[in-house]
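Reading the structure
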Amino acid sequence: MIVVTASCNDTPAPEPYGPVPTDAQLRWQKMEYYMFVHFGPNTFTDSEWGSGDEDPGVFAPTALDCDQWASVARQAGMKGIILTAKHHDGFCLWPSMYSRHTVARSPWMDGEGDVLRELADACRKYGLKMGVYISPWDRNHPAYGTERYNEVFAGTISEVLSNYGDIFELWLDGADDGTGDAPSFYRWKYFLSTALTLQPEVVIFSDIGPGCRWVGNESGHAGQTNWSRLNTAGFAPGRLAPDRDTLSCGNVHGSQWVPAEADVSIRPGWFYSPSTDDELKTVDELMDIYYASVGRNANLLLNVPVDRTGRINALDSARLMEFRDAREEAFHIDYAKMSRAYSESVRGNSPKYAAANAVDGRYSTYWTTDDSVTSASFTVYFRKDREISAVMMQEYIPLGQRVKEFSVECRLGGTGEWVEVCRGTTIGYKRLIPFPPVVASEVRFNIIDSYACPVINNVAIY
Ligand code: FUL
């Protein structure tokens with residue numbers, strides 16, 4: 001007798017769970033890793049927070065070369081560059097008409113230069129996306145702290161979003177020195193609407209989004225548990241932001257989709273200083289950061305400060321390439337990709353949702369289960385025993401973030417015994433977990449608990 005199991009190719013996909021990313025947020029999330037460049041008068045005065053009283057004449061790079069920045073970023077495997085176009089000292093790296101404190105008053109290119117223009121051209125040439133950091137806190141502008149400053153700041157937003165092509169991210173820093181009540185004058189809604197009217201696709205960073213959120217620290221670590229949801233009502237960037245733990249972990253039942261971005265510098269400071277030439281983060285430290293950011297559902301914004309010549313220092317670029325090589329070494333062979341995968345729990349028993357989809361390397365095919373199932377497993381079978389030491393998992397976030405606990409077990413080659421190699425809480429867009437090497441014949445991914453049926457579009461086994 002032939003047993004025919006129920007199989008139906010038109011089983012409907014799961015409904016989204018909770019808030020979901022916009023198309024722009026999804027494109028942003030897929031960038032994963034990009035460069036932050038801190039550059040400005042502070043580079044030349046050896047400071048982190050300029051007072052705004054600096055003579056614009058200090059800005060005098062001798063060989064400024066945005067093509068070199070872009071070429072380094074590209075070779076390092078980064079997908080874009082975000083430049084500090086205006087830091088807290090107020091100095092604009094483009095000839096803004098809203099300020100007298102700009103490159104137009106510097107000796108660089110006899111005051112005729114525009115760093116944003118050069119960066120936009122270089123990014124286009126090297127296939128990178130460009131982002132812009134502008135600080136609302138402005139220690140130079142005479143109108144700062146008055147209602148009129150809102151027009152000034154909105155004006156600078158319009159300039160950077162009108163004249164340099166597509167900007168993938170607008171980085172609105174929430175910092176100030178904690179004195180005075182100037183930040184209470186900020187009209188955030190007006191800033192956001194100004195930006196989104198000009199470029200509806202721009203992902204706006206601030207402590208609380210709306211596009212992406214600060215991860216709550218400057219060490220490049222997202223929470224072990226990291227939801228891309230956040231409750232933003234009643235909060236504002238800066239002093240009125242949620243506490244740092246909340247920013248690191250998100251809100252499990254948050255009502256907005258505001259994924260985390262981890263910003264960290266390759267050096268102890270954000271700006272270049274010759275005194276930190278021997279204090280670059282090691283490759284091991286950068287790998288730890290990578291696992292704790294990209295590996296925990298956050299994007300990694302790694303700062304590489306440009307030096308006084310106007311180029312990325314050779315020390316920094318060499319370290320970036322070593323870091324790239326270490327990632328390639330760790331992740332170049334994915335044993336899941338060449339393997340068979342099977343689950344007993346498949347939505348509607350349909351091949352459309354089979355476990356094989358989780359090892360096909362494609363973004364939009366996934367393994368999922370019936371709606372009533374919130375705990376299920378699938379197993380990846382190797383053709384021969386493999387030594388492995390890390391796994392990667394992805395939830396298909398266009399349907400929301402669902403999983404609240406998972407584990408991964410390996411069946412050891414030789415004894416056939418099952419051992420748990422890792423266990424965690426959230427997955428989200430991407431989860432990467434290293435563990436001490438084991439030789440395995442099978443790997444079982446267990447979704448222990450989930451807010452709705454799990455939807456896993458990819459795993460990798462390294
Ligand atoms: C902070 C600033 O105060 C630092 O100078 C740096 O720009 C960092 C990325 O953000 O809020």
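Since we're looking at a predicted model, the values are computed, not measured.

Some points on the overall build of the protein
- Scanning the protein from N- to C-terminus turns up nine helices and 17 strands.
- At 24 Å, the protein has a C-alpha radius of gyration in line with the 23 Å of a compact globule built from 462 residues.
- Taken along its principal axes, the extent of the C-alpha atoms in the protein is 85 × 45 × 35 Å.
- Every one of the 462 residues in the protein was classed for burial, and the buried ones make up 59%.
- Relative to all contacts within the protein whose residues are 6 or more apart in sequence, the contacts with residues 24 or more apart total 78%.
- Accessible surface, the protein as shown: approximately 18,400 Å² in total, 50% of it carbon and sulfur.
- Taking the average location of the 42 positive side-chain charges in the protein and that of its 60 negative ones, the two points are 6 Å from each other.

Re the environment of Glu329
- Among the secondary structure elements, Glu329 is positioned in helix 9 (residues 314-331).
- Looking at Glu329, the relative accessible area reads 61%, which means it is exposed.
- Sequence separation of Glu329 and Tyr462 is 133 residues, and the distance between their C-alpha atoms is 9.8 Å.

What about the site of the ligand?
- Every residue lining the ligand is accounted for by Phe36, His38, Trp49, His87, His88, Tyr133, Trp171, Asp173, Ala175, Glu218, Asp263 and Trp270.
- Contacts to the ligand include Trp49, whose side-chain N or O atom sits 2.9 Å from an oxygen atom.
- For the ligand, whose free accessible area comes to 290 Å², the fraction covered by protein is 92%.
- Its residues placed into classes, the shell around the ligand shows six nonpolar, three polar and three charged.

Examining the packing of aromatic side chains
- All told, the structure shown has 34 aromatic pairs when counted by the stated rule.
- Judged by centre distance (6.0 Å) and plane angle (75 degrees), the ring pair of Tyr290 and Phe323 falls under edge-to-face. In this pair, Tyr290 sits in helix 8 (residues 283-292) while Phe323 sits in helix 9, placing the two residues 33 residues apart along the sequence. For the residue pair Tyr290 and Phe323, the accessibility class agrees, reading buried in each case.
- By the ring-pair criterion, three or more aromatic residues cluster together here, those being Tyr33, Tyr290, Tyr291, Phe323, Phe331 and Tyr462.
- Residue placement shows Arg444 over the ring face of Trp418; its charged tip is 4.0 Å from the ring centre.

Digging into the pattern of salt bridges
- By the definition in use, this model includes 20 salt bridges.
- Residue Lys404 is joined to Asp449 by a salt bridge in which the shortest nitrogen-to-oxygen separation is 3.5 Å. On the criterion of sequence distance, the pair formed by Lys404 in strand 14 (residues 403-412) and Asp449 in strand 16 (residues 431-450) is long-range, its members being 45 residues apart.
- One network of salt bridges, in which partners are shared, links Arg267, Asp277 and Asp316.

Examining the environment of Tyr126
- Looking at the secondary structure, you find Tyr126 in helix 4 (residues 115-126).
- For the pair Tyr126 and Ala318, spaced 192 residues apart in sequence, the C-alpha separation works out to 19 Å.
- Not counting residues up to four positions away in its chain, the partners in contact with Tyr126 are Asp67, Ala70, Ser71 and Arg74.

Here's the deal with unusual backbone geometry
- With an omega of 20 degrees, the peptide bond running from Gly209 to Pro210 counts as cis.
- Positive phi, normally seen in glycine, also occurs at Met109, with a value near 50 degrees.
- Assessed through its relative accessible area of 43%, Met109 is described here as partly exposed.

What counts, and at which threshold
- Residues numbered from 1 in each chain as written.
- Predicted model: local features only at pLDDT ≥ 70, side-chain atom pairs only at ≥ 80, totals over all residues.
- Heavy atoms only, no water.
- Helix = DSSP H or I, 4+ residues; strand = E, 2+ residues; numbered from the N terminus.
- Rg over C-alpha atoms; globule rule 2.2 N^0.38 Å.
- Buried < 20%, exposed > 50% of the residue type's maximum accessible area, 1.4 Å probe, protein only.
- Contact = heavy atoms within 4.5 Å.
- Areas by Shrake-Rupley, 256 points an atom, 1.4 Å probe, with all protein chains shown as cover.
- Lys, Arg positive; Asp, Glu negative; His and termini not counted.
- Charge placed at Lys NZ, Arg CZ, Asp CG, Glu CD.
- Near = heavy atom within 4 Å.
- Polar contact = N/O pair within 3.5 Å; in protein donor to acceptor, adjacent residues only side chain to side chain.
- Nonpolar A, V, L, I, M, F, W, Y, C, P; charged D, E, K, R; others polar.
- Phe/Tyr/Trp six-rings, centres within 6.5 Å; stacked < 30°, edge-to-face > 60°.
- Lys NZ or Arg CZ within 6 Å of the ring centre and 35° of its normal.
- Salt bridge = Lys/Arg side-chain N within 4 Å of Asp/Glu carboxyl O.

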